[in-house]
Amino acid sequence: MNVTATANRSPHDNRSEMARREPTLPAFEDRGEDRPAELFFYRGRVALFAILKALGVGTGDEVILQGFTCVAVPEGVLATGATPVYADIEPDGYNLSPESCRSLLSPKTRAIVVQHTFGIPAKIARIRQLADEAGIPVVEDCCHAIGARVAGRELGGFGVASFYSFEWGKQIVAGLGGSAVANEPELQKRLLELHAPLGVPPLIKRSQLMVQHTAFQVLNRPAWYWKVRAAYHGLARLGIAAGNFRPAGDLAKASPEYGWQMPRAAVRRVQRQSKQIEATVKHSRQVASQYRCNIATPEVLHPVISPEETPSYARYPLRVEAKQELLKQAEEKRVELAGWYQSVIHPLTSETLSEVGYEPGCCPNAEQRASEVVSLPTNSRVTAGSLERTISLLNGLR
Ligand SMILES: *Cc1c(COP(=O)(O)O)cnc(C)c1O
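Calculation rules
- Starting afresh in each chain, residues are numbered from 1 along the sequence in its written order.
- Confidence filtering applies because this is a predicted model: local features only for residues at pLDDT of at least 70, side-chain atom pairs given and counted only at 80 or more, and all residues used for totals across whole chains, interfaces and linings.
- Hydrogen atoms and water are omitted, and side-chain values are computed over all heavy atoms in the structure.
- The helix and strand labels rest on DSSP assignments: H or I over at least four residues marks a helix, E over at least two residues marks a strand, and numbering proceeds from the N terminus.
- Every radius of gyration here is taken over C-alpha atoms, with the globule rule written as 2.2 Å times N^0.38, N being the number of residues.
- Each residue gets one of three labels from its accessible area relative to the maximum for its type: buried under 20%, exposed over 50%, partly exposed in between, using a 1.4 Å probe on protein chains only.
- In this tally, Asp and Glu contribute negative charge and Lys and Arg positive charge; neither His nor the terminal groups of the chain are included.
- One atom stands in for each charge, and that atom is NZ of Lys, CZ of Arg, CG of Asp or CD of Glu.
- Summary of the distance rule: residues count as near a molecule or strand when at least one heavy atom falls within 4 Å of that molecule or strand.
- The term polar contact refers here to a pair of N or O atoms within 3.5 Å; inside protein, the definition further demands a hydrogen-donor-capable atom paired with an acceptor-capable atom, and it admits residues adjacent in sequence only when both atoms are side-chain atoms.
- Here, Shrake-Rupley sampling with a 1.4 Å probe gives the accessible areas, and only protein chains in the shown set may cover a residue.
- Only Asp, Glu, Lys and Arg are considered charged in this grouping, and only Ala, Val, Leu, Ile, Met, Phe, Trp, Tyr, Cys and Pro are considered nonpolar; every other residue, Gly among them, is considered polar.
- Here, a salt bridge means any Lys or Arg side-chain nitrogen found within 4 Å of an Asp or Glu carboxyl oxygen.
- For two strands to be treated as a pair, DSSP must find at least two bridges joining them.
- When the centres of two rings from Phe, Tyr and Trp lie within 6.5 Å, Trp using its six-membered ring, the rings pair. Their planes under 30 degrees apart give stacked, over 60 give edge-to-face, and anything left gives tilted.
- By the convention used here, residues are in contact when the closest approach between their heavy atoms is within 4.5 Å.

Asker: With reference to specific residues and values, describe the overall build of the protein.
Answerer: Across its full length, the protein holds 13 helices and 15 strands. Taken over the C-alpha trace, the protein has a radius of gyration of 20 Å; the compact-globule value for 398 residues is 21 Å, and the two agree within 12%. In terms of overall dimensions, the protein has a C-alpha envelope of 55 × 45 × 45 Å along the principal axes. Relative to its 398 residues, the protein shows a buried fraction of 56%. Taking the average location of the 46 positive side-chain charges in the protein and that of its 41 negative ones, the two points are 8 Å from each other.

Asker: Which residues make up the site of the ligand, and what are the values?
Answerer: Neighbouring the ligand are 16 residues, the closest being Arg45, Asp141, His144, Ser165 and Lys170. A distance of 2.7 Å separates an oxygen atom of the ligand from a polar side-chain atom of arginine 45. Lysine 170 places a side-chain nitrogen or oxygen 3.2 Å from an oxygen atom of the ligand. Starting from 380 Å² of accessible surface for the ligand in isolation, the protein chains cover 98%. Elements supplying a minimum of two residues to the shell around the ligand: helix H2 (44-54), helix H3 (72-78) and strand E9 (161-165). Taken together, the residues that form the shell around the ligand break down as six nonpolar, five polar and five charged.

Asker: Would you mind going over the pattern of salt bridges in detail, with residue names and values included?
Answerer: In this structure the tally under the stated criterion is 14 salt bridges. For lysine 123, the salt bridge goes to glutamate 309, with nearest N and O atoms at 3.0 Å. Of the two residues, lysine 123 is situated in the loop between strand E5 (109-115) and helix H5 (124-134) and glutamate 309 in strand E12 (residues 309-310); the sequence distance between them amounts to 186 residues. Judged by relative accessible area, which is 7%, glutamate 309 ranks as buried.

Asker: I'd like a rundown of the environment of aspartate 141, residues and numbers included.
Answerer: Mapped onto the secondary structure, aspartate 141 falls in strand E6 (residues 138-141). Aspartate 141 gets classed as buried once you look at its relative accessible area, which sits at 6%. For aspartate 141, the side chain forms a polar contact with the main-chain nitrogen of cysteine 143, separated by 3.0 Å.

Asker: Before we move on, could you go through the sheet that holds E12 and cite the residues and values that matter?
Answerer: Reading across the sheet, the three strands line up as E8-E7-E12 and stay open at both edges, with antiparallel pairing between neighbours. The outermost strands of the open sheet, each flanked by one partner alone, are strand E8 (153-154) and E12. Of the strand pairs in this sheet, strand E7 (residues 149-150) and E8 are connected by two bridges, and their pairing is antiparallel. Its bridge partner lying in E8, valine 150 is registered against arginine 153.

Asker: Summarise the environment of glutamate 331; cite the residues concerned and give the values.
Answerer: Here glutamate 331 is to be found in helix H11 (residues 323-332). On the basis of relative accessibility, which here comes to 43%, the residue glutamate 331 falls in the partly exposed class.

Asker: Tell me about the packing of aromatic side chains, residues and numbers included.
Answerer: Summed over all chains, the structure comprises 15 aromatic pairs. Arranged with centres 4.8 Å apart and planes meeting at 70°, the rings of phenylalanine 68 and tyrosine 341 form a pair that is edge-to-face. Of this pair, phenylalanine 68 sits in the loop between strand E2 (62-66) and strand E3 (69-70) while tyrosine 341 sits in the loop between H11 and strand E14 (345-346), placing them 273 residues apart in sequence. The exposure class of phenylalanine 68 is buried, given its relative accessible area of 0%. Where tyrosine 313 meets tyrosine 316, the ring centres are 5.3 Å apart and the plane angle is 50°; that geometry is what we call tilted.

Asker: Give me the lowdown on helix H12 (residues 364-372), citing residues and values where you can.
Answerer: Within the span of H12, buried status applies to Ala366, Arg369, Ala370 and Glu372. Those residues of H12 hidden inside the fold are in contact with strand E13 (315-320), H11 and strand E15 (373-377).

Functional significance is not addressed by these values, which are geometric in nature.
What follows is the structure, encoded as structure tokens:
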């Protein structure tokens, strides 16, 4: 994904141009001019699955990922037969702790998934360095992070591959969908071989997604957030809408989704929105800076950003002590406030975390963060009025 995509050139042509202009960090080889294509899969987790398969990950292998994530990520790992190993996040942030990651490396480690949560860059240079020393490939989870940069260089270009998601909560919304980009020709070739035989979802599923996408376009307003969310969850429970998550209990079962590409109509929506992604990201940053400047109460902690990091803020996260109480107030006042991740592996509960191999207590920072995080919208539907109501709700906490 690239923020400077234009109509008649692939985003990757542009990316190589950016890579040439931008300063390169030490410890990264020049990856050349001919950038690989973006391959579209049914969902982000399917794209991750394909990348891991292309890397040769399978049964008996371990893949390190962070606690404080959604079930999509371990699901993609489990689908390869590998074991997810959970590293903790940084004590004051939302992303993988390099130290925790290092302590979990083992002879079985075959990949490290680095998630740039909420569009805030992970400590990717340090993680790349320790991964390089151990000879382990890094895969970037850029599902929230299109357009985010470190030292001027766009995320997604730091690992051997990156993946993206285009579902309802993301910067580009296509219905369900995901993509993978490999940064090395050999890996790209294997990814293409895995992609070529994939089918498309059945017509009934494609129609369902089309209807959902239309409804989303109409209903996605901050003030309607709570009502739409309740309706969506209700319809997903009844099997009428395609939900974001499979029922716990099904996670270890094979799913046909891993054999599907993204429908053409959804790919076209991604391509259309990609042309505006620069404006989308700029808007998100402006809204985020409004939140940062105007929410001023000791009850909330703003994200900590280093000078070389340029987040894209798919959403703007805050840490609050009275999270559940605040969510209740937000619902009453019709203020859009999201509670995810509600658990270390959202939306699993203490009873179901074991299904993805998470042992309670193993990532204390991640568990703490899940108990205190709320996030605010930064998308184009945020209006001056909704911004004002959000800010006053939070400042009311003092
Ligand atoms: C959305 C998301 C994914 C992938 O989700 P899909 O529903 O499979 O497209 C992966 N990682 C993160 C951090 C996400 O937010």
